[in-house]
Amino acid sequence: MKISAMNYFNSHKRLVKGMVLNDIKKEYIGSSFGLVWAFIQPLSVILVLWFVFEVGFKSKPINDVPFILWLSSGLLPWFFFANALEQTASSIISQSYLIKKISFPSVLLPFIKIYSGLVLHLFMMFILAFVFLLYGISLDIYWLQLIYYMFASSVFLMGIGWILASFVIFIQDVKNLVTILIQFGFWGTPIFWALSLVPEKYHFYLMLNPFAFLIQGYRDCMIDKVWFWERGMANLYFWIPTLVLLVFGFKIFNRLKPHFVDVL
C-alpha cells in the first residue's frame with residue numbers, strides 16, 4: 001500500500017497542486033469577498049464565544065493564558081478536522097465527472113480536499129499566532145511541533161477519508177452519519193473543557209479518541225509547553241490505529257473504485 005500510494009502522489013504532484021488551488025478558488029474566489037469567507041465563519045464563532053465567556057461569564061485564564069486563546073487553540077484544529085471529514089466524504093460525488101475519465105487517479109480526490117483545507121488551516125494558525133503576540137505571549141520552539149500534529153491530523157483524515165468517500169457513493173446516508181458523529185465528537189473531545197479536569201485514571205480512555213490526542217497536542221505546543229514524546233504511549237495509541245486505518249482505507253477505496261462509474 002505504502003509504495004502504491006506514494007507512487008500516486010509522487011507522479012501527480014503538479015496535478016495535485018493545481019487541483020488544490022482550483023478547489024480553493026472554486027470555493028471562495030468567485031465571491032465578492034473571496035478568501036475572506038474562509039475565515040469569517042471560524043472567526044465569528046470564536047468572537048461570539050469570546051463575548052459569552054470572557055465578557056459575560058468572566059471566564060478565568062487557564063494555565064495563565066486568557067480563556068479565548070485557550071479555547072481558540074482547540075477550536076481551530078477542530079474546524080479543520082470537521083470540515084475535512086465532510087469534504088472528503090463528498091469528494092467523489094462532487095467531482096463525479098472526473099471519475100468517468102479512466103486515466104484520472106480518483107484516489108487523490110479525498111487527499112486534495114484535505115490538502116486545500118490544510119492550506120486554509122495554516123492561515124488560521126498564523127492569525128492565531130499573531131493574536132497570541134497581541135496578548136503579549138511570545139512564541140517559542142514548542143510551536144514547531146504544530147508541524148507534527150498537522151501531519152498526524154492529515155494522515156488520520158486520509159485513512160478515514162478514503163473509507164467515507166467510497167462508502168458515500170453506495171450509501172448516501174453515510175453523509176448524515178458523518179454530520180451526527182461530528183456533533184458527538186465535538187462534545188466528546190476536550191475543546192471546551194481541559195483534560196486536567198478529568199481524573200488521571202480516565203485519561204487513557206479519553207486519549208483513545210484520536211481527536212482528543214490531536215487537540216491536546218495543539219495545546220501542548222501553544223499553551224502547556226509539552227514535547228510530543230513526553231506524551232509517551234499516547235502517541236502509540238494514536239499512530240497504530242491511524243496507520244491501520246490508512247492501509248485499510250486505501251485497500252477499501254481501491255477495491256470499490258471499479259464500481260464507482262456504475263453507481264455514479
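Report on the accompanying structure.

Cut-offs used in this document
- Counting of residues starts from 1 at the beginning of each chain's written sequence and follows it residue by residue.
- Predicted model: local features are reported for residues with pLDDT of at least 70 only, side-chain atom pairs are reported and counted for 80 or more only, and whole-chain, interface and lining totals are derived from all residues.
- Think of the side-chain values as coming from all heavy atoms in the structure, minus any hydrogens and water.
- Secondary structure elements are defined from DSSP: runs of H or I of at least 4 residues count as helices, runs of E of at least 2 residues count as strands, and each element is numbered from the N terminus.
- Only protein chains enter the calculation, and the probe is 1.4 Å; a residue is then buried if its accessible area is under 20% of its type maximum, exposed if over 50%, and partly exposed in between.
- In this analysis, two residues are considered to be in contact whenever any of their non-hydrogen atoms come within 4.5 Å of each other.
- Only the protein chains shown count as cover for residues, and all accessible areas are computed by the Shrake-Rupley method using a 1.4 Å probe.
- For salt bridges, the criterion is a side-chain nitrogen of Lys or Arg within 4 Å of an Asp or Glu carboxyl oxygen.
- Like-charged residues within 9 Å of one another, or nonpolar side chains (Val, Leu, Ile, Met, Phe, Trp, Tyr) within 5 Å, are grouped into patches, provided each residue has over 30% relative accessible area and no salt bridge.
- Angles here are taken between N-to-C directions and fall from 0 to 180 degrees, while the axes themselves are lines fitted to C-alpha atoms, restricted in helices to the stretch in contact.
- When an angle is under 35 degrees it counts as roughly parallel; over 145 it counts as roughly antiparallel; between 65 and 115 it counts as roughly perpendicular; any other value is oblique.
- Left-handed describes a crossing whose near helix is turned anticlockwise from the far helix by less than a right angle; the clockwise case is right-handed.
- Nonpolar residues are Ala, Val, Leu, Ile, Met, Phe, Trp, Tyr, Cys and Pro. Charged residues are Asp, Glu, Lys and Arg, and all others, Gly as well, are polar.
- Nine residue types can take part in a nonpolar core, namely buried Ala, Val, Leu, Ile, Met, Phe, Trp, Tyr and Cys, and a core is a set of them joined through side-chain atoms within 4.5 Å.
- Any pair of nitrogen or oxygen atoms within 3.5 Å is treated as a polar contact; in protein, a donor-acceptor pairing is required on top of that, and neighbouring residues in sequence qualify only through side-chain atoms on both sides.

What follows is about the overall build of the protein. Regarding its fold elements, the protein presents 13 helices and zero strands. Sequence-ordered secondary structure for the protein, helices as α and strands as β, is α-α-α-α-α-α-α-α-α-α-α-α-α. Here the protein, with 264 residues, has 47% of them falling under the buried criterion. In the protein, the proportion of contacts linking residues at least 24 apart, taken out of those at least 6 apart, comes to 79%. Here the protein has roughly 14,200 Å² of accessible surface; of this, 68% comes from carbon and sulfur atoms.

Despite not being glycine, Lys225 shows a phi value in the positive range, around 60 degrees. Inspection of the secondary structure puts Lys225 in the loop between helix 11 (210-224) and helix 12 (233-256).

Our focus in this paragraph is the pattern of salt bridges. Side chains that differ in sign of charge can pair as their charged atoms come close. Under the definition given, this model contains two salt bridges. In this structure, the salt-bridge partner of Lys225 is Asp140, at a minimum N-O distance of 2.8 Å. Here Lys225, found in the loop between helix 11 and helix 12, pairs with Asp140, found in the loop between helix 7 (108-134) and helix 8 (146-170); they are 85 residues apart in sequence, far enough to count as distant. On the accessibility criterion, Lys225 (25% relative accessible area) is partly exposed. For Asp140, a relative accessible area of 29% corresponds to the partly exposed category. For Asp220, the salt bridge goes to Arg231, with nearest N and O atoms at 2.7 Å. Taken as a pair, Asp220 in helix 11 and Arg231 in the loop between helix 11 and helix 12 lie far apart in primary sequence, eleven residues in all.

Time to look at a nonpolar patch on the surface. Together, Tyr202, Phe204, Tyr205, Leu208, Met233, Leu236, Tyr237, Ile240 and Val244 make up a nonpolar patch on the protein surface, roughly 890 Å² of accessible area in all. Counting residues per element, the nonpolar patch draws most heavily on helix 12, at five residues. Topologically, Met233 is positioned in helix 12. With relative accessibility at 46%, the residue Met233 sits in the partly exposed group.

This paragraph deals with the packing of helix 8 against helix 11. The geometry of helix 8 relative to helix 11 is characterised by a closest axis approach of 9 Å and an angle of 165 degrees between their N-to-C directions. Classified by the interaxial angle, the pair formed by helix 8 and helix 11 is roughly antiparallel. By crossing handedness, the relation of helix 8 to helix 11 is classed as left-handed. For the pair formed by helix 8 and helix 11, the contact residues are Leu146, Tyr148, Tyr149, Met150, Ala152, Ser153 and Phe156 on the first element and Pro210, Phe211, Phe213, Leu214, Gly217, Tyr218, Asp220, Cys221 and Met222 on the second. When its residues are assigned to classes, the contact of helix 8 with helix 11 shows 13 nonpolar, two polar and one charged.

Below, the discussion takes up the nonpolar core. Of all hydrophobic cores here, the largest spans 70 residues; its most connected members are Trp78 and Met222. In this structure Trp78 touches Ile182, Gly185, Phe186, Thr189, Ile191, Phe211 and Ile215, once residues within four positions along its chain are discounted.

Let's shift gears to the side chain of Ser91. Mapping Ser91 onto the fold places it in helix 5 (residues 91-94). On the basis of relative accessibility, which here comes to 0%, the residue Ser91 falls in the buried class. At 2.7 Å, the side chain of Ser91 and the backbone oxygen of Thr88 are in polar contact. Those residues within four positions of Ser91 in sequence are excluded, and the remaining contacts are Leu109, Pro110, Lys113 and Ala165.

This part covers the environment of Ser138. The residue Ser138 is located in the loop between helix 7 and helix 8 in this model. Distance in space between the C-alpha atoms of Ser138 and Met222 is 9.8 Å, their sequence separation being 84 residues.

Contact geometry for helix 11 and helix 12: axes closest at 10 Å, N-to-C directions at 130 degrees. Taken as axis vectors, helix 11 and helix 12 run oblique relative to one another. Classified by chirality, the crossing of helix 12 by helix 11 is left-handed. Counting all contacts with helix 11, which are made through Pro210, Phe213 and Leu214, the residues of helix 12 involved are Ala234, Asn235 and Phe238. The residue inventory of the contact of helix 11 with helix 12, partitioned by class, reads five nonpolar, one polar and no charged.

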